[in-house]
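# Per-entry structural report
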Amino acid sequence: MDQPGLVVTGASGRMGQTLIRLAQASEKLRLVACVERSGHPWIGRDVGEAMGGSPIGVTVTDDALEAFSKAQAVVDFTTPAATVDFAALAAQARAVHVIGTTGLEPQHLAKIEAASRHATIIRAGNMSLGVNLLVRLTQKVAAALDADWDIEIVEAHHRMKVDAPSGTALMLGQAAAEGRGVALDDAKVSGRDGITGARQKGSIGFSAIRGGDIVGEHDVIFASEGERIVLRHLATDRAIFARGALKAAVWGQGRKPGQYDMMDVLGI
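Residues numbered from 1 in each chain as written. Predicted model: local features only at pLDDT ≥ 70, side-chain atom pairs only at ≥ 80, totals over all residues. Heavy atoms only, no water.

## A short note on the overall build of the protein chain
- Along its length, the protein chain carries 10 helices and 12 strands.
- Taken against the 2.2 N^0.38 rule, which gives 18 Å for 268 residues, the C-alpha radius of gyration of the protein chain at 20 Å falls within 12% of a compact globule.
- In terms of its C-alpha atoms, the protein chain occupies a principal-axis envelope of roughly 60 × 40 × 30 Å.
- Burial analysis of the protein chain (268 residues in total) assigns 48% to the buried set.
- For the protein chain, long-range pairs separated by at least 24 residues make up 69% of all intrachain contacts whose partners lie at least 6 apart in sequence. (Helix = DSSP H or I, 4+ residues; strand = E, 2+ residues; numbered from the N terminus. Rg over C-alpha atoms; globule rule 2.2 N^0.38 Å. Buried < 20%, exposed > 50% of the residue type's maximum accessible area, 1.4 Å probe, protein only. Contact = heavy atoms within 4.5 Å.)

Quick look at the structure:
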């Protein structure tokens, strides 16, 4: 079978450039186009040269539909508004849409769900194998422990991250809530400040740290009288997320329309 053609959106970003480098080295995918927003200085340039290297024969474009029409997969780590637009265009082009964008609100998710009726969408707050194993472990531990065990999720990322809690932290919170048999919206407590009073039994707390170039660190703390269980994942290279996304792009080929996640891709 021929290698599926791949489009990388947000080509100039850190994740975009990492995806491009890995796609160039991949034996399972062909990089056929790169997309950036209109007016970006990379538009019309060879992406290899724009990244400071040699030409690779792929020009950066702002015409997403034209780029998607010659591809079988789109990998997208951009912004919620852009991702919603890309979801509709990828569905029109019948390309697998791999979404790593975080900060998606209910109105964005509704539009992505609509697009998934016509296209294969793989969406995850985190594409790494280790994090998805951590999500599964969090669910199992939460199910095994009662509400006398407090749950806190602490995450740390680089200074440029714009959303909090992180998409991964929310994945972990959702897993904990599912393990407990409660709705996350009912149990979630974020960013305590001032005289907050005692912790409410059964709540799931979130704390966010932002600084430097931290790639991603997540702790799930289960705390009770006299003991704590801490589940931790440390990411030191964002290439782990890119590798997972490319794996998802290959896995999605030939799948029926619908929404999938990394648990489906990894079979866990």
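Additional details are given in the paragraphs that follow.
## Considering helix H9 (residues 239-251)
- With 13 residues, H9 ought to run about 18 Å at 1.5 Å a step, and its terminal C-alpha atoms sit 18 Å apart, in line with that.
- Along H9, the residues classified as buried are Ala239, Phe241, Ala242, Gly244, Ala245, Leu246, Ala248, Ala249 and Trp251. (Expected span 1.5 Å × (residues − 1).)

## Points about the pairing of strand E9 (residues 204-210)
- The sheet contact formed by strand E7 (residues 150-157) and E9 spans 7 bridges and is parallel. Bridged to Ile153 within E9 is Phe206.
- Pairing analysis gives 3 bridges linking strand E8 (residues 188-190) to E9, with the strands arranged parallel. By the bridge assignment for E9, Lys188 is matched with Ile204. (Pairing = 2+ DSSP bridges.)

## A few points about the sheet that holds E8
- The sheet built from 5 strands is open, its strands ordered E8-E9-E7-E10-E11 with mixed pairing. Where the open sheet ends on each side, the last strands, each with one partner, are E8 and strand E11 (227-235). Across the sheet, the mean angle from the axis of one strand to that of its neighbour is 20°, orientation sign disregarded.
- Relative to the sheet, helix H6 (residues 129-144) contacts E7, strand E10 (216-224) and E11, its axis offset from that of E11 by approximately 165°. (Axes fitted to C-alpha atoms, helices over the stretch in contact; angles between N-to-C directions.)

## Points about the nonpolar core
- Of all hydrophobic cores here, the largest spans 35 residues; its most connected members are Leu6, Leu19, Val75 and Val98.
- Elements with a contribution of two residues or more to this core: strand E1 (5-9), helix H1 (14-25), strand E2 (30-35), helix H2 (47-50), strand E4 (73-76), strand E5 (96-99), H9 and helix H10 (262-266).
- The element that contributes the greatest number of residues to this core is H9, accounting for 7 residues.
- Excluding residues that lie within four positions of it along the chain, Val98 makes contacts with Val74, Val75, Asp76, Ile122, Met127, Ala245, Ala248 and Ala249. (Core = buried A, V, L, I, M, F, W, Y, C linked by side-chain atoms within 4.5 Å.)

## A short note on the environment of Ala169
- Here Ala169 shows up in helix H7 (residues 167-180).
- Aside from chain neighbours lying at most four places away, what touches Ala169 is Ile153, Glu155, Phe206 and His218.

Geometric values such as these leave the question of function open.
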